[in-house]
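# Structural characterization, general
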Amino acid sequence: QNVALALAFKQDLPVIGIQAQGVATEVKRATTVAKVMFLYIKKYGAGKDFYKNFRLKTNKHSMYCFAPSKIVLFDEANFGHDNSQEVNI
């Protein structure tokens, strides 16, 4: 599924952030979910039931893997308003 995202690191003017587009696929392998959730729980202390609910197929949420094909840096502080930096992957 084609998806896009935008993250503003500095929201007031001049704006700095990134945009990306690519493909997102749902993570279905239990071993992958377990590895990701171990790190997530270690960092945030939340999501302790996600893996158990994933195995029981009772989760309200799904996990996705994002594979970017293009990343755009918009940095009005260093590159001006109309001079974004693009990288095709």
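One can find the structure itself at the top, above this paragraph.
Here the structure is a predicted model, which means the values were calculated and not measured.

### Regarding the pattern of salt bridges
Within the structure shown, the criterion is met by 3 salt bridges. Asp12 is paired through a salt bridge with Lys10; the nearest N and O atoms lie 3.7 Å apart.

### What to know about the pairing of strand β1 (residues 2–10)
Note that β1 and strand β2 (residues 16–26) share 8 bridges and pair antiparallel. Bridge pairing in β2 places Leu5 opposite Ala20. Hairpin geometry of β1 and β2 is characterised by an intervening segment of 5 residues between the two adjacent antiparallel strands.

### Considering the environment of Asn78
Considering the arrangement of structural elements, one finds Asn78 in helix α3 (residues 76–79). Relative accessible area serves as the criterion here: at 58%, Asn78 is assigned to the exposed category. With 19 residues separating them along the chain, Asn78 and Asn59 place their C-alpha atoms 43 Å apart. At 2.8 Å, the side chain of Asn78 forms a polar contact with the side chain of Asp75.

### Remarks on unusual backbone geometry
Of note, the bond from Leu13 into Pro14 is cis; its omega dihedral lies within 30 degrees of zero at -5°. In this fold, Pro14 is placed in the loop between β1 and β2. Phi is positive for Lys57, which is not a glycine, with a value near 60°. Along the chain, Lys57 turns up in the loop between α2 (50–56) and β3 (64–75).

Procedures and definitions
- Residues numbered from 1 in each chain as written.
- Predicted model: local features only at pLDDT ≥ 70, side-chain atom pairs only at ≥ 80, totals over all residues.
- Heavy atoms only, no water.
- Salt bridge = Lys/Arg side-chain N within 4 Å of Asp/Glu carboxyl O.
- Pairing = 2+ DSSP bridges.
- Helix = DSSP H or I, 4+ residues; strand = E, 2+ residues; numbered from the N terminus.
- Buried < 20%, exposed > 50% of the residue type's maximum accessible area, 1.4 Å probe, protein only.
- Polar contact = N/O pair within 3.5 Å; in protein donor to acceptor, adjacent residues only side chain to side chain.

Interpretation note: all reported values are geometric properties and have no functional meaning in isolation.
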